[in-house]
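Residue-level structural notes
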Amino acid sequence: MRRGLASVVAALSLAGCATGRPPAPTIIDVDAWGGTAASTAAPAQPIRKITLHHQGEVWQDGADVAAYLRRLQQWSRLTRRWADIPYHYVIAPDGRIYAARPLQQPGDTNTDYDPRGHALLMLVGNFEVQQPTPAQLNAAVDLTAWLARENKLGLDDIASHKDYSAQTVCPGRNLYARIESGGFRAEVRRLLEAR
Ligand SMILES: [Zn+2]
């Protein structure tokens, strides 16, 4: 009887029915920050990479993230003529994760790499001169681990903007140092291996 139950549990785990690890992080949807959703009519892009960015502007403590996202969406559409915010997720200094462009749509960029197939994560702040907060880094690790599991990606698929384009310092030296050292990927691996 005990053996029978264990077999069932093992079978459920193999089938992916067991509790998902790492769990899906809480993501604040576009309606909640006052944005308008872009069309998702095009065929969904398969996700092959997870790529980290910074905002590239100094973030003032206590600034209103929802208001910033609404401005960014307007600028992206009206000035840049993009379908939406160029990134799929935006992570605030308090660790909250905001949905931006639908993940099924390729992102956009001002530089020379091809963002098709990349899930684009942007952490607000300018990490050339600021430090990402611990909450922001934890959220980035949680989101990256979840995306890696959902899309069956490996640690080698996790990188930053600068790894694909020599035209940018993004994600800024203070975040890039964590990518370059392997520290960020090690944190993601810890979550992926957690049971
Ligand atoms: Zn970037």
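Residues numbered from 1 in each chain as written. Predicted model: local features only at pLDDT ≥ 70, side-chain atom pairs only at ≥ 80, totals over all residues. Heavy atoms only, no water.

Identification of the chain as Peptidoglycan recognition family protein from Pelomonas lactea is taken from an unreviewed UniProt entry. The UniProt entry for the chain carries the following text under Sequence similarities (unreviewed entry): "Belongs to the N-acetylmuramoyl-L-alanine amidase 2 family." (UniProt positions renumbered as here; feature names shortened; annotations may be inferred.)

The next point concerns the overall build of the chain. Regarding its fold elements, the chain presents six helices and six strands. The N-to-C order of helical and strand elements in the chain reads α-β-β-α-β-β-β-α-β-α-α-α. Taking as baseline every contact in the chain between residues at least 6 positions apart, the subset at least 24 positions apart corresponds to 74%. Total accessible area on the chain is roughly 10,500 Å²; 51% of this is exposed by carbon and sulfur atoms. (Helix = DSSP H or I, 4+ residues; strand = E, 2+ residues; numbered from the N terminus. Contact = heavy atoms within 4.5 Å. Areas by Shrake-Rupley, 256 points an atom, 1.4 Å probe, with all protein chains shown as cover.)

A few words now on helix H5 (residues 173-180). Of the residues making up H5, those classed as buried are Asn174, Leu175, Tyr176 and Ile179. Next to the buried residues of H5 lie strand S2 (49-54), strand S5 (118-123), helix H3 (134-150), strand S6 (158-160), helix H4 (161-164) and helix H6 (183-193). One or two steps after H5, the chain reaches Gly182, where phi turns positive at roughly 85°. (Buried < 20%, exposed > 50% of the residue type's maximum accessible area, 1.4 Å probe, protein only.)

Bringing the environment of Val129 into the picture now. Along the polypeptide, Val129 turns up in the loop between S5 and H3. Between the C-alpha atoms of Val129 and Gly172, which are 43 residues apart in sequence, the distance is 7.9 Å. When sequence neighbours within four positions are dropped, the list of residues in contact with Val129 reads Val58 and Asn174.

Further remarks concern the coordination of the zinc ion. Distances from the zinc ion to its protein donors, namely His53 (ND1), His161 (ND1) and Cys170 (SG), fall within the range 2.0 to 2.2 Å. Here the donor residues of the zinc ion are spaced in sequence according to H-x107-H-x8-C. In this structure, His161 and Cys170 share a single accessibility class: buried. (Donors = N, O, S within 2.8 Å, 3.2 Å for Na, K, Ca; no water.)

If you trace the six strands from one edge of the open sheet to the other, you get S1-S4-S3-S5-S2-S6, paired in mixed fashion. At either end of the open sheet lies a strand with only one pairing partner, and these are strand S1 (27-28) and S6. One ladder, built from six bridges, connects S2 with S5; its direction is parallel. Looking at S5, one finds that Thr51 is bridged to Leu120. (Pairing = 2+ DSSP bridges.)

Before going further, it helps to examine the pattern of salt bridges. Taken as a whole and assessed by the stated rule, the structure comprises eight salt bridges. In this structure, Asp108 and Arg101 form a salt bridge, with 2.8 Å as the shortest nitrogen-oxygen distance. Across the salt bridge formed by Arg116 and Asp114, the nearest N and O atoms sit 2.7 Å from each other. (Salt bridge = Lys/Arg side-chain N within 4 Å of Asp/Glu carboxyl O.)

To continue, consider the nonpolar core. The biggest cluster of nonpolar side chains holds 27 residues, and the ones touching the most others in it are Ile50, Tyr89, Ile91, Leu121, Leu143, Leu147 and Phe184. The set of elements that each furnish at least two residues to this core consists of S2, strand S3 (89-91), S5, H3, H5 and H6. Counting residues per element, this core draws most heavily on H3, which supplies nine residues. With sequence-adjacent residues up to four places away left out, Leu121 is seen in contact with Ile50, Thr51, Leu52, His53, Tyr89, Ala140, Leu143, Thr144 and Leu147. Listed in part, the 20 residues of the second largest apolar core include Leu72, Tyr87, Tyr98 and Ala99. (Core = buried A, V, L, I, M, F, W, Y, C linked by side-chain atoms within 4.5 Å.)

Before going further, it helps to spend a moment on the packing of aromatic side chains. Inspection of every chain in the model, using the stated rule, returns three aromatic pairs. Measuring from centroid to centroid gives 5.8 Å for Trp75 and Trp82, while their planes differ by 85°, and the two rings are edge-to-face. Aromatic side chains Tyr113 and Tyr164 sit 6.0 Å apart centroid to centroid with 20° between the ring planes, which places their arrangement in the stacked category. Here Tyr113 is found in the loop between strand S4 (97-99) and S5, whereas its partner Tyr164 is found in helix H4, with 51 residues between them in sequence. (Phe/Tyr/Trp six-rings, centres within 6.5 Å; stacked < 30°, edge-to-face > 60°.)

Turning to unusual backbone geometry, a few remarks are in order. Omega for the bond connecting Cys170 with Pro171 falls within 30 degrees of zero, at 15°, which places this linkage in the cis form. Within the secondary structure, Pro171 sits in the loop between H4 and H5. At Arg81, a position not held by glycine, the phi torsion is positive, near 60°. On the secondary structure map, Arg81 appears in the loop between helix H2 (65-79) and S3. For Arg81, a relative accessible area of 67% corresponds to the exposed category.

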